[in-house]
Amino acid sequence: MARNRISLSELQNHKSEDDCWIAIHDNVTSFLSNHPGGKAIILRHAGTDATNAFEDVHPVELLDEYLNSEQLLGQLESTSRGNTQANNKASTQSKTIAPPQMATIQSIAEMEGLALERLSPKALAYYASGTDDEITKIANGSIFKSILLRPRIFVDNSYCSLSTTILGNKVGMPIFIAPAAMAKLAHPSGEAGISTACSKFNALQIISKNASMSVKDIVRAGPDAVFAWQLYVLKDIQATERTLAHIKAIPQIKFIVLTLDAPFPGKREADERYKAAEVAQGAPAQVWGTESSLTWHKTLSWLSKHTDLPIVLKGIQTHEDAYAATKFPVVKGIILSNHGGRALDTTNTPMQVLLEIRKFCPQVLDQLEVLVDGGIKRGSDVIKALALGAKGVGLGRAALYGLAVGGEEGVHRSLQILADEAITTMRLLGVGHVSDLRPSHVNSASLNSQLYDGPPGLDTVDNELKAKL
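The shown structure was predicted, so the numbers you read here are calculated from the model rather than taken from an experiment.

Student: Before we move on, can you summarise the overall build of the protein chain with the specific residues and values?
Tutor: For the protein chain, the helix and strand inventory stands at 20 helices and 16 strands. Burial status across the protein chain gives 55% buried among its 469 residues. At a minimum sequence separation of 6, the contacts of the protein chain that also span at least 24 residues come to 76%. Carbon and sulfur atoms make up 51% of the accessible area of the protein chain, which amounts to about 20400 Å² in all.

Student: Residues and numbers for the packing of aromatic side chains, please.
Tutor: Applying the stated rule across the entire model yields 3 aromatic pairs. The interplanar angle of 55° and the centroid separation of 6.0 Å between the aromatic rings of Y126 and Y127 together place this pair among those described as tilted. Judged by relative accessible area, Y127 falls into the buried class, the value being 4%. Measuring from ring centre to ring centre gives 5.3 Å for W296 and F328, while their planes differ by 10°; the resulting arrangement is stacked.

Student: Describe helix α20 (residues 458-467), with residues and values.
Tutor: Inspection of α20 places L458, V461, D462 and L465 among the buried residues, and these make up the whole buried set. Axial view of α20: buried residues confined to an arc of 100°, hence all on one face. Counted as exposed and oriented over 90 degrees from the buried face of α20: D459 and A467. On its buried face, α20 is in contact with α13 (296-304), α14 (319-325) and α15 (350-360).

Student: Mind laying out unusual backbone geometry, listing which residues take part and the relevant values?
Tutor: In the Ramachandran plot, E134 falls in the positive-phi region, its phi being about 60° despite a non-glycine side chain. Mapped onto the elements, E134 comes out in the loop between α7 (121-128) and α8 (135-142). Residue E134 is classed as partly exposed on the basis of its relative accessible area of 24%. Notably, N202 is not glycine yet its phi reads approximately 55°, a positive angle.

Student: How would you explain the packing of helix α18 (residues 397-406) against helix α19 (residues 408-429) if you had to name every residue and give the values?
Tutor: Following both chains from N to C, one finds α18 and α19 inclined at 135°, their axes separated by 6 Å at the closest point. Comparing the axis directions of α18 and α19 gives the class oblique. α18 and α19 meet at a crossing whose hand is right-handed. Contact residues: A398, A399, G402, L403 and G406 in α18; E408, E409, G410, V411 and S414 in α19.

Student: Can you explain the sheet that holds strand β3 (residues 27-29)? Please cite residues and give values.
Tutor: Strand order in the open sheet formed by 4 strands is β1-β4-β3-β2, and the pairing between neighbours is mixed. Taken across any chain shown, the strands that pair with only one partner, and hence form the sheet edges, are β1 (5-6) and β2 (22-24).

Student: Explain the pairing of strand β10 (residues 226-231) to me, and be specific about the residues and the numbers.
Tutor: Counted residue by residue, β10 has 6 buried out of 6 residues, so it is predominantly covered. Where burial is concerned, the two faces of β10 agree: the one with V226, A228 and Q230 and the one with F227, W229 and L231 are both buried. Looking at chain direction, strand β9 (residues 204-207) and β10 are connected through 4 bridges and run parallel. If you follow Q205 over to β10, its bridge partner there is F227.

Student: A description of the pattern of salt bridges should follow, citing residues and the corresponding values.
Tutor: Tallied over the full model, the rule gives 11 salt bridges. R118 is the salt-bridge partner of E117, the closest N and O atoms lying 3.8 Å from each other. Taking relative accessible area as the criterion, E117 reaches 47% and is therefore assigned partly exposed. The class of R118 is buried, set by a relative accessible area of 4%. We note a salt bridge from D308 to K248, for which the minimum N-O separation is 3.9 Å. In this pair, D308 sits in the loop between α13 and β12 (311-316) while K248 sits in helix α11 (residues 237-248), placing the two residues 60 residues apart along the sequence. Here the two residues D308 and K248 agree in accessibility, since each one is exposed.

Criteria and thresholds
- The numbering scheme is per chain: residues are counted from 1 as the chain's sequence reads.
- The predicted origin of the model limits local features to residues at a pLDDT of at least 70 and limits the giving and counting of side-chain atom pairs to 80 or more, whereas totals for whole chains, interfaces and linings rest on all residues.
- Heavy atoms from the whole structure form the basis of all side-chain values; hydrogens and water molecules are not counted.
- Numbering of helices and strands starts at the N terminus; helices are DSSP runs of H or I of at least 4 residues and strands are runs of E of at least 2.
- For every residue, the accessible area obtained with a 1.4 Å probe (protein chains only) is divided by the maximum for its type, and the residue is called buried under 20%, exposed over 50%, and partly exposed between those limits.
- The contact criterion used throughout is that any non-hydrogen atoms of two residues lie within 4.5 Å.
- For every accessible area listed, the method is Shrake-Rupley and the probe measures 1.4 Å; residues are considered covered only by the protein chains on display.
- Side-chain rings of Phe, Tyr and Trp (the six-membered ring for Trp) are treated as a pair once their centres are within 6.5 Å; stacked means planes under 30 degrees apart, edge-to-face means over 60, and tilted covers the remaining angles.
- Along the arc lie the directions from the helix axis toward the C-beta atoms.
- Axis lines are fitted to C-alpha atoms, over the contacting stretch for helices. Their N-to-C directions set the angle, which ranges from 0 to 180 degrees.
- Should an angle lie under 35 degrees it is considered roughly parallel, over 145 roughly antiparallel, and from 65 to 115 roughly perpendicular; all remaining angles are considered oblique.
- Should the near helix be turned anticlockwise from the far one by less than a right angle, the crossing is left-handed, and should it be turned clockwise, the crossing is right-handed.
- Only when DSSP finds a minimum of two bridges between them are two strands counted as paired.
- Think of a salt bridge as a Lys or Arg side-chain nitrogen and an Asp or Glu carboxyl oxygen that are within 4 Å of each other.

The structure is reproduced here in structure tokens:
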């Protein structure tokens, strides 16, 4: 870290796009051109101490990963600290409304309604938005209504268990927390509040690459949880490699989830509208910081050099890509996901992809662990996905909404609601353990007309992969 002392008045002299300084945790930096989230937010705090705004969405450890010595200009004088911290709490912090009694909340939909009353405008725009007309976002959940359950009678259901394994890790339930960024926008406890709740269920939490807390703090808060970590490959590959080195030193992380369903941001109108208001005074639009040139052979070969952990690919949206994943031994699992309807609208829902895998390449279900992420609102949704071959199902927005309503207790209540509903569904189906669920427990025939009806294309996948070696 540079040790030059910089006064408040000097800091305030550098607040233009051509000459931009900001202070974060006493470090004065010229980070403008390298910020993965674009220039706009940096320029908004140009010439100020932006620590408060930084802490809303980032852990302090991020500075070590992304800033090099040339960008660290010095330290803010102690007498200047805090004097210029931008006060944007009204737009970024959730409203203070007393939480209800958690036991009175009976459904994920009810929890969502309560959360929407409490979240700040920024959090609402970020969490709730979907791309374009939000057709995919809505369909992710509504498709479960078209899958019917087929209960059996004269089955001893006095014992029922949700315990299972995910990539060899024992978990107390097949419900996991999908990577969801900036949890502190929902509640000050942030991702630590989520991990504490997961710990009580011995559940899996996939920590977001864009978490608002350090990974070490998150895993420390959930001693009995199971953890994985989401990877976005940034345009700054060296920064990504430094982050992977940090993750390698955290033994609680059991696998890496490489996210591939958002190589470029979708048009989320509510989020875009909020950002437009932020930059209305002429600041540049956000620049996407994720690398868009990832390919099967190149990227997986590179990643396997920087981690020894199992690799899971998140963002599989066709049976062809699910099949392709089986051709790479470093890949141990896939997550069927369309980024919660936040990337490409009118794409397949995860359940449609799962059904297409069953139709065209069912061997994938034996060769990889297949997880589903998106649209889960009921415990019966969980059971339907498992019956069709999924090993686990993920919650994204539902976890954040629970966090917004009651912090760790809200997340715990959301998980408890789904666990109780799942157990009830299994007992009424006549199933004692999740491993006993079979396709015969559901009827998905009404969705057959909504599945891809072209040729399987598996030979084409084989030929394309061989051609690119």
